[in-house]
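# Working through the structure, step by step
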Amino acid sequence: MRTWKKFILSVLIIAGPFLLAAAATQINLATQVKGLLAIANGGTGTGATLTGLVRGNAAAMTASELSGDCTTSGSNAITCTKVNSTTIPVNASPDQTLVTSASATGSWASIPNCTSGALQYATATHTFSCGAFLSGTFADAEVPVGTINGVNATFTLAHTVSPAASLKLFLNGQELIAGGTDYTLATATITMVAAPKTGDVLIAFYRF
């Protein structure tokens, strides 16, 4: 009798794990589970079909939400906005750069190929264009024509100054002030407020 008890006990010890494993049944999530599986339990928390990029948090996931300044749609297209929430459009042609208006609304501006001029940007129209290089000839250390004798106050330059503000006039190395303080300029004629004295040196630098 004792031998049979030992035999039965040995069989239970050996076969026990297999009997327990055979008792485990897998659950069919498609047919045996009802309702929504919460995010905390590994689900999505929503019955909607999720497409595109999704964001997960404590609430149900959504298919049209993206953290930050971007949103996405079911077509997987991402739309980003500026900090001020204005939409940045898609550029329609190559060689464009993004510019902003006075209200900081983003738009694209075409960049021309300036082969013989300088690239310019107009803040009024938010457009690029090709402008001419600044031109002009410089006169350096020119001695104005006129007698320096303490009496004569009128001197003439070899060219009409253009622009007038480019004229730098020096008397004995000291720059003089235009506009009637030390002299006035009319085209190419300099009229001194005080006539230079004999021995003084008058030289001019300007564009024309």
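The notes below deal with the structure included here. Remember, it's a predicted structure, so these values are computed and weren't measured experimentally.

## Some points on the pairing of strand β9 (residues 168–171)
- Side-chain alternation along β9 places L169 and L171 on a buried face and K168 and F170 on a face that remains uncovered.
- Where β9 and strand β13 (residues 202–207) come together, four bridges link them in antiparallel fashion. By the bridge assignment, L171 is partnered in β13 with L202.
- Two strands pair when backbone bridges link them, and β9 and strand β10 (residues 174–175) are joined in this way by two bridges, in the antiparallel orientation. Among the inter-strand pairings, L171 is bridged to a residue of β10, identified as Q174.
- As consecutive antiparallel partners, β9 and β10 are separated by two residues, and within that stretch N172 has a phi angle of approximately 55°, a positive value.

## Regarding the sheet that holds strand β7 (residues 138–142)
- Across the sheet, which stays open at both edges, the four strands sit in the order β7-β13-β9-β10 with antiparallel pairing between neighbours. Only two strands of the sheet have a single partner each, and these edge strands are β7 and β10.

## What about the nonpolar core?
- Counting 16 residues, the largest nonpolar core has L157, L167, L169, I190 and M192 as the members making the most contacts within it.
- Of all the secondary structure elements, the ones that give two or more residues to this core are β9, β12 (189–192) and β13.
- Per element, the largest residue contribution to this core is three residues, and it comes from β13.
- Beyond its immediate chain neighbours, meaning those up to four positions away, L167 contacts L157, V161, Y183, L185, I190, A204, F205 and Y206.

## Observations regarding the packing of aromatic side chains
- Across all of its chains, the model carries three aromatic pairs by this definition.
- A centroid spacing of 4.9 Å and a plane angle of 45° characterise the contact between Y121 and F128, whose relative ring orientation is tilted.
- Judged by centre distance (6.0 Å) and plane angle (55°), the rings of Y206 and F208 are tilted.
- Taking the relative accessible area as the measure of exposure, F208 reaches 29% and is therefore partly exposed.

## Some details on the state of the cysteines
- Scanning the model with the defined rule gives one disulfide in all.
- Disulfide partner of C114: C130, at an S-S distance of 2.0 Å. Its torsion about the S-S bond being -90°, the disulfide of C114 and C130 is classed as left-handed. Of this pair, C114 sits in the loop between β4 (106–110) and β5 (118–122) while C130 is found in strand β6 (residues 127–131), placing the two residues 16 residues apart along the sequence.

## Some points on the sheet that holds strand β8 (residues 154–156)
- With antiparallel pairing, the three strands of this open sheet are ordered in space as β8-β12-β11. Edge strands, defined here as strands with exactly one partner in the open sheet, are β8 and β11 (183–186). The average undirected angle you get between the axes of adjacent strands in this sheet is 20°.

## Observations regarding the environment of G146
- Within the secondary structure, G146 sits in the loop between β7 and β8.
- Between the C-alpha atoms of G146 and L202, which are 56 residues apart in sequence, the distance is 9.8 Å.
- Those residues in contact with G146 that sit more than four places away from it in its chain are N152, T154 and F155.

## Quick look at the environment of G43
- As for its placement among the helices and strands, G43 is situated in the loop between α1 (2–23) and β1 (70–72).
- If sequence neighbours within four positions are ignored, G43 has contacts with L37 and A38.

## Focus: unusual backbone geometry
- Cis geometry is adopted by the peptide bond preceding P163, which originates at S162 and carries an omega value of 0°.
- Although it is not a glycine, H126 adopts a positive phi angle of roughly 60°.
- Inspection of the secondary structure puts H126 in the loop between β5 and β6.
- Backbone geometry at T187 places phi at a positive 55°, although glycine is not the residue there.
- For T187, a relative accessible area of 56% corresponds to the exposed category.

How each quantity is defined
- Residues numbered from 1 in each chain as written.
- Predicted model: local features only at pLDDT ≥ 70, side-chain atom pairs only at ≥ 80, totals over all residues.
- Heavy atoms only, no water.
- Buried < 20%, exposed > 50% of the residue type's maximum accessible area, 1.4 Å probe, protein only.
- Helix = DSSP H or I, 4+ residues; strand = E, 2+ residues; numbered from the N terminus.
- Pairing = 2+ DSSP bridges.
- Core = buried A, V, L, I, M, F, W, Y, C linked by side-chain atoms within 4.5 Å.
- Contact = heavy atoms within 4.5 Å.
- Phe/Tyr/Trp six-rings, centres within 6.5 Å; stacked < 30°, edge-to-face > 60°.
- Disulfide = S-S within 2.5 Å.
- Axes fitted to C-alpha atoms, helices over the stretch in contact; angles between N-to-C directions.

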